[in-house]
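Here is how the chains run, residue by residue.
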Amino acid sequence: MNSSLEAVTPPLPAPFCLLQVGYSQIVPTCLLEVTVILLLTVLIVSGNLLVILVLHCTPLLGQHSSSAFIRTMAYADLLVGASCLFPSLSLLHRLQGLDPGLTCQLFGYVVSVLKSVSMVSLACVSVDRYIAITRPLTYASLVTPCRVRCCVLLTWLYSALVFLPSFLGWGKPGYHGDVVEWCAVEWRTRPAFTAFIVALLYAPASFAVCFTYANIFKICRQHTREISERQARYRPRPPGGAAEPRLHYHQHTYPDKRYATVLFRITSVFYILWLPYILYFLLESGGLYQHPAVSFLTTWLAISNSFWNCLIYSLSNSAFRKGLKRLCSFCLVSA
């Protein structure tokens, strides 16, 4: 009777563990992978929810047009955090019965679009700051609220179109679904599709960021040098001496430089965390190197950027910190 019962209810198959450590016989799942994924899920979702609340409750942060792109990134990162539940549920055997091929393609497409939105938004932020510093007098007429909204809409549309071929079967995008066995084993990357993504997404976004921030800090250094020279020249000025208009220009330049520095930190961390993932994606696509543990580590290192974005922004932006304190005070009073 026991043998017939075992035949009717076979044990769950061993999970597909990329790190090949932390497997528990008591709880048949990859404990290390599940722990990492659930921890990042909590950090990403809670952090970006907080950023979105502060951005909506702090009018001062909305004065910069860049805040629209920061808000777009926060929403995209929030959805990336929510998407982390898919590999967690797969490792916990909660997705049995779904078609693995369709599920992997749909999930891979959605996640790739969200990550592309973050990358393109960072490029738009860098271009926005470049225009603000190089065209300060015409910035308000060039970067209007209507144009910013159109750019945000185009960011989502462009990202959706770029990765549409992967959903239609051309190739596999790099994403965090490889903890699912079918996604890792059966769905292969293709060099042609990888070259397509590099040419239409990675290369243009990286070039825009490098070009704009290099010129932004070059201009800021020139302004700082000119201001220091003028201050040194007119330091022993008589009462009622001129050079007061230069003070206003000085006050305008430094806030722009500080805000550009905050956004540069976010962008730098983004590319530092994503560089190992991009390199591994290129090597895997070319058939030069493939290792499950390296795939997991580089992928989730890149995914962690969705949390570091909000952390850096909250620590570096004084207006955001004030808004956070005001929000916390409001919550305490309401409680």
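Rules used throughout
- Residues numbered from 1 in each chain as written.
- Predicted model: local features only at pLDDT ≥ 70, side-chain atom pairs only at ≥ 80, totals over all residues.
- Heavy atoms only, no water.
- Helix = DSSP H or I, 4+ residues; strand = E, 2+ residues; numbered from the N terminus.
- Buried < 20%, exposed > 50% of the residue type's maximum accessible area, 1.4 Å probe, protein only.
- Contact = heavy atoms within 4.5 Å.
- Salt bridge = Lys/Arg side-chain N within 4 Å of Asp/Glu carboxyl O.
- Core = buried A, V, L, I, M, F, W, Y, C linked by side-chain atoms within 4.5 Å.
- pLDDT = per-residue confidence, 0-100.
- Phe/Tyr/Trp six-rings, centres within 6.5 Å; stacked < 30°, edge-to-face > 60°.

(A) How the structure looks around the overall build of the chain. Broken down by element type, the chain carries 14 helices and zero strands. Secondary structure elements of the chain occur, N-terminal to C-terminal, as α-α-α-α-α-α-α-α-α-α-α-α-α-α. Looking at the chain as a whole, 44% of its 335 residues qualify as buried. In the chain, the proportion of contacts linking residues at least 24 apart, taken out of those at least 6 apart, comes to 77%.

(B) Region of the structure containing the pattern of salt bridges. Counting across every chain of the model gives one salt bridge. With a shortest N-O distance of 2.9 Å, Asp-128 and Arg-129 are connected by a salt bridge.

(C) Structural detail: the nonpolar core. Ranked by internal contacts, the top residues of the largest apolar core, which has 63 residues, are Phe-163 and Tyr-202. Per element, the largest residue contribution to this core is twelve residues, and it comes from helix α10 (residues 191-233). If we skip the residues at most four places from it in the chain, Phe-163 touches Tyr-109, Ser-112, Val-113, Ser-116, Pro-173, Phe-193, Ile-197 and Leu-201.

(D) Region of interest: the confidence of the model for the chain. Residues at a pLDDT of 70 or more form 76% of the chain, whose mean pLDDT is 77. Ranking the helices and strands of the chain by mean pLDDT puts helix α7 (residues 145-162) first, with 94, and helix α1 (residues 2-8) last, with 46. In this model residues 1-10 is a low-confidence stretch, pLDDT under 50, and it forms zero contacts with partners more than four residues away in sequence or in other chains. Confidence drops under pLDDT 50 across residues 242-253; counting only partners more than four residues distant or on other chains, this segment forms eight contacts.

(E) Main features of the packing of aromatic side chains. For the structure on display, the rule yields 14 aromatic pairs. With centroids separated by 5.5 Å and ring planes inclined at 75 degrees, the aromatic side chains of Trp-170 and Phe-193 adopt a geometry described as edge-to-face. Taken together, the residues Trp-170 in the loop between α8 (164-167) and α9 (181-185) and Phe-193 in helix α10 connect sequence positions 23 residues apart. Overall, Trp-170 belongs to the partly exposed group, its relative accessible area being 32%. Taken together, the aromatic side chains of Phe-270, Tyr-271, Trp-274, Tyr-277 and Phe-281 make up a single cluster linked through ring pairs.

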